[in-house]
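Secondary and tertiary structure notes
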Amino acid sequence: MALMLVVGCGAGADRRDPDEIAGVGRGAENPSAPASSTTPGDGIVRPKITLPEGDQLLFESEETGDARTDAVLRDNAEYVRAVDEAIGDQEPRSKAVAFYSRGSAYLDSVDWIGGFVKEGITVTGTVRYFDRRVTFSEDGSAGLTYCGDESKGYTKDLKTKTTHVTPVTKDSYLFYNDRLRKNAQGVWQVTKSVAERGSEVCSP
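In this report, we go over the structure that sits alongside the text.

So, how was this worked out
- Residues numbered from 1 in each chain as written.
- Predicted model: local features only at pLDDT ≥ 70, side-chain atom pairs only at ≥ 80, totals over all residues.
- Heavy atoms only, no water.
- Phe/Tyr/Trp six-rings, centres within 6.5 Å; stacked < 30°, edge-to-face > 60°.
- Buried < 20%, exposed > 50% of the residue type's maximum accessible area, 1.4 Å probe, protein only.
- Lys NZ or Arg CZ within 6 Å of the ring centre and 35° of its normal.
- Salt bridge = Lys/Arg side-chain N within 4 Å of Asp/Glu carboxyl O.
- Helix = DSSP H or I, 4+ residues; strand = E, 2+ residues; numbered from the N terminus.
- Expected span 1.5 Å × (residues − 1).
- Disulfide = S-S within 2.5 Å.
- Core = buried A, V, L, I, M, F, W, Y, C linked by side-chain atoms within 4.5 Å.

1. Quick look at the packing of aromatic side chains
Per the stated rule, a full pass over the model turns up 7 aromatic pairs. Here Phe-99 and Tyr-100 contribute two aromatic rings whose centre-to-centre distance is 4.8 Å and whose plane-to-plane angle is 65°, an arrangement assigned as edge-to-face. Owing to a relative accessible area of 1%, Tyr-100 belongs among the buried residues under this scheme. Through a chain of ring-to-ring contacts, three or more aromatic side chains come together here, namely Phe-59, Tyr-129, Tyr-146 and Tyr-176. Its end group placed over the ring of Phe-136, Arg-68 keeps NZ or CZ at 3.6 Å from the ring centre.

So, in structure tokens, the structure goes:
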């Protein structure tokens, strides 16, 4: 896939805690976010997310048996789905993306989605996410590492409807390292996301 979610690549830069950036990516605190008729049982009214036509995202290790870990995995998966929806809708400032992210992760997502809009392309095919591991810190935040397999994920030109099929190489695999924090409504929002393309950790 020529373009795919790789946000927060400026990792390591000394910057303010994303939670302190007022009014950015507040997500569930935004009452105008589109509501879904279904919830995962936690009582939170969530956005209804619809992926672009032909786009499929597969998430492994969805249920671990630990409620807190499962909540992090679920909300992170919805964040990734929201980004793909926004790409399909050509809407960088997606309310669903804002629901599941904040701070630098939200701003980076806006820029990333904007790149697809500028190029006039969307996403299609299948991307698989696997080896998803959650750790919790004393400050209440969560760390999530996982791999992305884009070997069957592609971009498509919105005008010509041409799918850009790229060769499968080690760059088809990405290693993600995310930081999440639960907001007042109980949603685990991504605050920072770093991705390494061609990582030996994820290559087959």
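2. Section: the pattern of salt bridges
Within this structure, the stated rule accounts for 9 salt bridges. Between Arg-46 and Asp-42 there is a salt bridge whose closest N-O contact spans 2.5 Å. Classification of Arg-46 by relative accessible area gives buried; the value is 5%. According to the relative accessible area criterion, Asp-42 is partly exposed, its value standing at 35%. One network of salt bridges, with partners in common, ties together Asp-42, Arg-46, Arg-74 and Asp-75.

3. A few points about helix α1 (residues 67-89)
In a regular helix each residue adds 1.5 Å, so 23 residues correspond to 33 Å; α1 covers 32 Å between its end C-alpha atoms and thus fits that length. Looking one or two residues beyond α1, the residue adopting positive phi is Gln-90, at roughly 60°.

4. As for the state of the cysteines
Defined simply, a disulfide is a covalent bond joining two cysteines at their sulfur atoms. With the rule as written, the count across this model stands at 1 disulfide. Covalently, Cys-147 is tied to Cys-202 through a disulfide, its sulfur atoms 2.0 Å apart. Across the S-S bond of Cys-147 and Cys-202 the torsion is about -75°, and the bridge reads as left-handed. Taken as a pair, Cys-147 in strand β3 (residues 142-157) and Cys-202 in the segment after β6 (188-197) lie far apart in primary sequence, 55 residues in all. Grouping residues by exposure puts Cys-147 and Cys-202 together as buried.

5. Digging into the nonpolar core
Counting 40 residues, the largest nonpolar core has Leu-57, Tyr-79, Val-80, Val-97 and Tyr-129 as the members making the most contacts within it. Of all the secondary structure elements, the ones that give two or more residues to this core are β1 (55-59), α1, α2 (95-100), α3 (103-119), β2 (121-136), β3, β5 (173-182) and β6. At 10 residues, the largest contribution of residues to this core is made by α1.

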